[in-house]
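As a plain string of letters, each chain reads:
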Amino acid sequence: MKRFKILWQLYWAFLRIGGLTFGGGLAMLPMLKYELVEKKGWITEEELIDCYAIGQCTPGIIAINTATFVGYKSAGILGGIFSTLGMVTPSLVIITAIATCLEKFMYNEWLQHALAGIRGVVCALMVNTVYSLGKKSLKNLFGWILCLAVFAVCVMTNIPTVVMVIVSAVIGILIHVFRTKKEANKA
Amino acid sequence: MNVALDLFLSFFKIGLFAVGGGPATLPYLMDLTRTRPWYTMEELANMVAISESTPGPIGLNMATYAGYQAMGPLGGFFATMGLVFPSVIIIIIVAKFLANFSKNPYVQAAFSGIRPAVTGLIAASVLSIIKVSLFTTDFKPIWGAIAVAAIVFPLLQVKKLKKLHPVVWFIAGAAIGVIFKL
């Protein structure tokens, strides 16, 4: 019974977090800290930071990774599942509602004009996302070369995204192995 | 193949390989415009706008929307479940067995390659979105939309405006679109 209560609380907490934060995983940090660390004490602040680190270097949506991790730490596997379901619920409800409405008005002339303006904004925001992502991820010549090479390949060919991600991971590991060997030889 | 199953599996694959959070799913969503009849590039650009201006993680919102485009509300459900399924499994394994996963030198080395690559991938997706948003299908520029983008981008670099919620920009863009009949 007590376990059931925790699962319900996890579901409800993540539903609130998912429904009230805009802007994706990273924007959720302050909200998570308030709900999980300060209010409920389910995890410590250090665990939350760890969880973000892990969320960023595992595949998948960062918000979901964080939800699963926190849920698991608080109440085992079921806790992870309930937290994730809580996080997913607002997106499912809100987006389905909006998509249904938009579908009805899609051929309305005014909506078409509005969408044309909105798409201009989307372009500006997306370029801005790439810009700030680049500032964080391109810290050396190797990063720049890899980024530009992937960009060029992606624009010119239809090689699936998965292949490029796997190849770039292998390149990263090979360079690491090569460097450590070189250092070992020096020493 | 059954569309529901196809959606679940397609998004399962995205959940398994999209490293770097919500925006990293974008290149995969674009792959789908080539391989599946579910939505067009123009619709993808609209999906991005709506996903950014509604609450909830962007990646989840885009998956729900893409699934909805493919087969209605249930499609949204299957796509989203497919997207989160790998995360749940991977995170539980990592939390249980790999306490220092993110500090492992090989994991870090792999990420030193993945991070710049993902930036390149997202940049290429953005270029495609620009192509369909600012140009017509026969490559004629849509000057109104180009003007909006050209005005908004520098404004986004202004410190005070940086923190504004994207929905503010979308509303402004929509208003300009309606007033000037873009």
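Description of the structure in this document. (Residues numbered from 1 in each chain as written. Chains lettered and ligands numbered in written order. Predicted model: local features only at pLDDT ≥ 70, side-chain atom pairs only at ≥ 80, totals over all residues. Heavy atoms only, no water.)

1. Considerations on the packing of aromatic side chains
All names here are of chain A.
Alright, step 1. Tallied over the full model, the rule gives 7 aromatic pairs over all chains.
Alright, step 2. Arranged with centres 5.8 Å apart and planes meeting at 20°, the rings of Trp 8 and Tyr 11 form a pair that is stacked. Here Tyr 11 and Trp 8 lie together in helix H1 (residues 2–20), a separation of 3 residues that amounts to about one turn.
Alright, step 3. Among the aromatic residues, those joined into a cluster by ring pairs are Trp 8, Tyr 11 and Trp 12. (Phe/Tyr/Trp six-rings, centres within 6.5 Å; stacked < 30°, edge-to-face > 60°. Helix = DSSP H or I, 4+ residues; strand = E, 2+ residues; numbered from the N terminus.)

2. Quick look at the side chain of Thr58(A)
Residue and element names in this part refer to chain A.
Alright, step 1. Within the secondary structure, Thr 58 sits in the loop between helix H3 (45–56) and helix H4 (62–105).
Alright, step 2. Given the relative accessible area of 1%, Thr 58 is considered buried.
Alright, step 3. Engagement of the side chain of Thr 58 in a polar contact is seen with the side chain of Asn 65, the distance being 3.2 Å. (Buried < 20%, exposed > 50% of the residue type's maximum accessible area, 1.4 Å probe, protein only. Polar contact = N/O pair within 3.5 Å; in protein donor to acceptor, adjacent residues only side chain to side chain.)

3. Structural notes on the environment of Tyr28(B)
Alright, step 1. In this fold, Tyr28(B) is placed in helix H2 (residues 26–35).
Alright, step 2. Sequence separation between Tyr28(B) and Leu121(B) is 93 residues; the distance between their C-alpha atoms is 9.4 Å.
Alright, step 3. Residue contacts for Tyr28(B): discarding those within four places in its chain leaves Thr161(A), Val162(A), Val165(A), Ile14(B), Phe17(B) and Ala18(B). (Contact = heavy atoms within 4.5 Å.)

4. A word on the nonpolar core
Alright, step 1. Core analysis: the largest hydrophobic core is formed by 102 residues, its most contacted members being Phe14(A), Met87(A) and Phe11(B).
Alright, step 2. Looking at which element gives the most residues to this core, the answer is helix H4 (residues 58–97) of chain B, with 16 residues.
Alright, step 3. If near-sequence neighbours (up to four positions away) are discounted, Phe11(B) is found in contact with Leu29(B), Leu32(B), Ala63(B), Ala66(B), Ala79(B), Gly82(B) and Leu83(B). (Core = buried A, V, L, I, M, F, W, Y, C linked by side-chain atoms within 4.5 Å.)

5. Some thoughts on the interface of chain B and chain A
A common measure of how large an interface is: the accessible area buried when the components associate.
Alright, step 1. Opposite the 92 residues of chain B that make contact, chain A presents 85 residues.
Alright, step 2. Between chain B and chain A, the buried area comes to about 7800 Å², and carbon and sulfur atoms account for 78% of it.
Alright, step 3. Broken down residue by residue, the surface that chain B buries against chain A is led by Pro55(B), Tyr68(B) and Ile91(B), which jointly contribute 8%.
Alright, step 4. Here chain B is connected to chain A by 0 salt bridges.
Alright, step 5. Where chain B meets chain A, there are 12 residue pairs in polar contact (both at pLDDT 80 or more).
Alright, step 6. Looking at the side of chain B that touches chain A, the elements that each hand over two or more residues are helix H1 (3–17), H2, helix H3 (41–53), H4, helix H5 (105–134), helix H6 (143–156) and helix H8 (166–179) of chain B.
Alright, step 7. Broken down by element, the side of chain B that touches chain A gets its largest block of residues, 24 residues, from H5(B).
Alright, step 8. The residue makeup of the side of chain B that touches chain A, split by class, is 59 nonpolar, 25 polar and 8 charged. (Buried area = accessible area lost by both parts, 1.4 Å probe. Salt bridge = Lys/Arg side-chain N within 4 Å of Asp/Glu carboxyl O. Nonpolar A, V, L, I, M, F, W, Y, C, P; charged D, E, K, R; others polar.)

6. Topic: the side chain of Ser51(B)
All names here are of chain B.
Alright, step 1. The residue Ser 51 is located in helix H3 in this model.
Alright, step 2. Here Ser 51 falls in the buried class, since its relative accessible area comes to 0%.
Alright, step 3. Of note is the side chain of Ser 51, whose polar atom sits 3.4 Å from the backbone nitrogen of Met 62.
Alright, step 4. Ignoring anything within four residues of it in the chain, the contact list for Ser 51 reads Ile 58, Asn 61 and Met 62.

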